[in-house]
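Listed below are the residues making up each chain.
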Amino acid sequence: MAIENRYKMSQERYDQLVDELNYLQTVREKEVAEQIKEARSFGDLSENSEYDDAKTEQGKLYSKIAEVKNLIENAEIIEATEMTEGKVGIGSRVTVIDVEENETVAYQIVGSQEANPMEGRISDDSPFGRGLIGHFEGETVAIEAPAGLLQFKIISVENN
């Protein structure tokens, strides 16, 4: 029996996925069907690159629909009320200071589907995210990174 993956995400991300699925199954599916219909009208399908391109696009679309459906079906919504005050969890906004470099940085711990390091949103599955989860404000944590063992002191934790 296969083990199901659960995808941790906020209600906001879940709603975005539902909207995306709706768009893909209605608007985008009709657009691709129209492309196929138009390409068929060009005649001989064996040498019709427009038809081949439209069918390829249809395959990509169905693949994306299946992917989004899987995410929705296996979503695990993380609620802020599930978090202990001062404890790092998914959804927490964490400010840490690199003990060695004396640099302060702030991150939000999110599910892997919402991660965007450029926006300060790191995955709970990343080494840094995993290293912080479960720890409390004021603690110093050691996190294994490609550069070696790094130490961070958790300055503040906000669980909204």
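Up top you'll find the structure we're talking about.
Quick notes on the rules
Residues numbered from 1 in each chain as written. Predicted model: local features only at pLDDT ≥ 70, side-chain atom pairs only at ≥ 80, totals over all residues. Heavy atoms only, no water. Pairing = 2+ DSSP bridges. Helix = DSSP H or I, 4+ residues; strand = E, 2+ residues; numbered from the N terminus. Axes fitted to C-alpha atoms, helices over the stretch in contact; angles between N-to-C directions. Phe/Tyr/Trp six-rings, centres within 6.5 Å; stacked < 30°, edge-to-face > 60°. Buried < 20%, exposed > 50% of the residue type's maximum accessible area, 1.4 Å probe, protein only.

1. Details of the sheet that holds strand 3 (residues 93-98)
And step 1. The five strands are arranged 5-4-3-7-6 in an open sheet whose pairing can be described as mixed. What marks the edges here is a single partner per strand, and that holds for strand 5 (121-123) and strand 6 (140-145). Strand-to-strand twist in this sheet, taken as the mean axis angle between neighbours without regard to direction, amounts to 45°.

2. Concerning the packing of aromatic side chains
And step 1. Summed over all chains, the structure comprises two aromatic pairs.
And step 2. Judged by centre distance (5.2 Å) and plane angle (70°), the ring pair of Tyr107 and Phe128 falls under edge-to-face. Taken as a pair, Tyr107 in strand 4 (residues 103-110) and Phe128 in helix 3 (residues 127-132) lie far apart in primary sequence, 21 residues in all.
And step 3. Judged by relative accessible area, Phe128 falls into the buried class, the value being 15%.
And step 4. Their ring planes at 80° and their centres at 4.9 Å tell us that Phe128 and Phe152 sit as a pair that is edge-to-face. Residue Phe128 is located in helix 3, and its partner Phe152 is located in strand 7 (residues 148-158); the two are separated by 24 residues in the primary sequence.
And step 5. A relative accessible area of 8% places Phe152 in the buried class.
And step 6. Within the aromatic cluster, the residues linked to one another by ring pairs are Tyr107, Phe128 and Phe152.

Purely geometric numbers; function is a separate question.
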